[in-house]
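Analysis of the macromolecular model
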Amino acid sequence: MTAQLRHFDSSDTAENIIAAINEDGAIIVENFIGNELLSTLVSELKPHADGFEPGMSGGAIKQMFCGAQTKRFAGLATKAPSFANLIDNDLLHQWAEQSFANDYWLNTGQAMIIGPGSTEQMLHRDVGNWPVVHNLGKDGPEGTLSIMLAITDFTEENGATRVVPGSHLWEDFSVEADEKQVVQAVMPAGSALLYTGKAIHGAGANISNDKWRFGIQMSYILAQLTPEEAHPITIPWEVARNFSPRVQHMLGYYSHKTFLPDWPVLWTADYRDVRESLEPKADTEYVSAGAKRLELPIAAD
């Protein structure tokens, strides 16, 4: 029998919720945010969502993974100041403080809006973004913790996130999930799916005729997975633009290509290479020798 996602309420104790995540790898917390914050997020993000085109340029794998009918954009604290309330959520920080070996910080906050006609996303583990952690499997340190907040109702029809409960404890992370092990995170707006980066998951197919599934994915990351110096702050672009492409790459003015030489998945802007957002525009390209294909699950949402 397939394990089901356990449901909690925001009024339940943090201890019970965190214990369940540790056991199952993923759980749902209903009423995670109140109606007032939900309404504010909707009003602040709607102009950006309405004006943002679905799809992603790049190779076939990237198109398939990101979704031709999916809108993805980040920088949410600028687009929606109320998003800071989610970053500051007490339950999430209690979970993070108990899970990470040391300090942590925000990995990403992205709107993920899946449109009608979207197919199922390939199942993956988010920790696959960091192979050095992924390869340690269930006994490795916690690399990332995530929340998928439902801005609209998540239903089987509109592409509710697919999850494999218990997969964070599998002995072999290279084993693929069987469809019989997959369940969907069906939940009303204002609820949230909380899951460890070791849990297998992926967006569901949106088979509706006209319903867009609007979610916000936010994750924290182990702080040691970052440089000592915040180079783009200490060395601004107006200075760095005069250096060679390789120096710009070292200073953080390129996104990092973990899986495919042409696919940046880390240190991005709206899930696109940071070079696309630089002003004045960068006019050269550089791919480091380390940007090679890795035979690991592709991790994103």
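Residues numbered from 1 in each chain as written. Predicted model: local features only at pLDDT ≥ 70, side-chain atom pairs only at ≥ 80, totals over all residues. Heavy atoms only, no water.

Under an unreviewed UniProt entry, the chain has the name Phytanoyl-CoA dioxygenase family protein and belongs to Parasphingorhabdus litoris.

Details of the overall build of the chain
Note the following rule: Only DSSP runs of H or I with at least four residues qualify as helices, and only runs of E with at least two residues qualify as strands; both kinds are numbered from the N terminus onward. Think of it in three bands: residues with accessible area under 20% of the maximum for their type are buried, residues over 50% are exposed, and the middle band is partly exposed, with areas taken using a 1.4 Å probe on protein chains only. By definition, residues are in contact when any of their heavy atoms lie within 4.5 Å. The method behind every accessible area is Shrake-Rupley, applied with a 1.4 Å probe, and residues are considered shielded solely by the protein chains displayed.
When you go through the chain residue by residue, the secondary structure sums to ten helices and twelve strands. Counting only residues that meet the buried cut, the chain has 50% of its 301 residues in that class. Sequence separation of 24 or more characterises 76% of the internal contacts of the chain that already satisfy a separation of 6 or more. With the model as given, the accessible surface of the chain reaches about 14300 Å², and the carbon-plus-sulfur share is 52%.

Quick notes on the nonpolar core
Convention followed: Take the buried residues of types Ala, Val, Leu, Ile, Met, Phe, Trp, Tyr and Cys, join any two whose side-chain atoms come within 4.5 Å, and each joined set is a nonpolar core.
Of all hydrophobic cores here, the largest spans 39 residues; its most connected members are F32, L86, L92, L149, L194 and I216. When residues of this core are traced back to their parent elements, those giving at least two are α1 (14–24), β2 (26–30), α2 (35–51), α6 (90–99), β4 (104–114), β5 (144–150), β8 (192–196) and β10 (213–222). Residues contacting L149, with those up to four places away along its chain left out, are F32, I33, L41, L86, F154, G190, S191, A192, F214, G215 and I216. Counting 14 residues, the second-largest nonpolar core is a separate cluster that includes L5, F154, V163 and L193.

Notes on empty space enclosed by the protein
The criterion, for reference: In this analysis a 1.4 Å probe is tested at points of a 1 Å grid over the protein atoms alone, and where it fits but cannot get out there is a cavity; an open set with protein on both sides within 12 Å along at least five of seven lines is a pocket; lining residues have an atom within 4 Å of a point. Grid points are joined across faces, edges and corners, and a volume is the space filled by probe spheres set on the points. Side-chain classes are defined by residue name, with Ala, Val, Leu, Ile, Met, Phe, Trp, Tyr, Cys and Pro counting as nonpolar, Asp, Glu, Lys and Arg as charged, and the others, Gly among them, as polar.
What the rule picks out here adds up to one cavity of 30 Å³ or more. Approximately 40 Å³ is the volume attributed to the largest cavity. Forming the boundary of the largest cavity are L92, W95, L145, S146, I147, M218, S219 and Y220. Secondary structure elements with two or more residues in the lining of the largest cavity: α6, β5 and β10. For the lining of the largest cavity, the class distribution of residues is six nonpolar, two polar and no charged.

Digging into the sheet that holds strand β6 (residues 162–163)
Definition in use: Pairing between two strands requires that DSSP report at least two bridges joining them.
Taken in spatial order, the three strands line up as β7-β6-β9 in an open sheet, and their pairing is antiparallel. The sheet is open, and its two borders are formed by β7 (183–184) and β9 (201–202), each paired with just one other strand. Sheet topology places β6 next to β9; two bridges connect them, and they run antiparallel. Across the sheet, the residue bridging to R162 is G202, located in β9.

Looking at the side chain of S118
Cut-off, in case you're wondering: Definition of a polar contact: a pair of N or O atoms within 3.5 Å, with one able to donate and the other able to accept a hydrogen when the atoms are protein atoms, and with sequence-neighbouring residues admitted only if both atoms are side-chain atoms.
Along the polypeptide, S118 turns up in the loop between β4 and α7 (131–134). Here G115 takes part through its backbone oxygen, which lies 2.9 Å from a polar atom of the side chain of S118. Non-local contacts of S118, meaning those with residues more than four positions away in its chain, are made with Q69, T70, A205 and N206.

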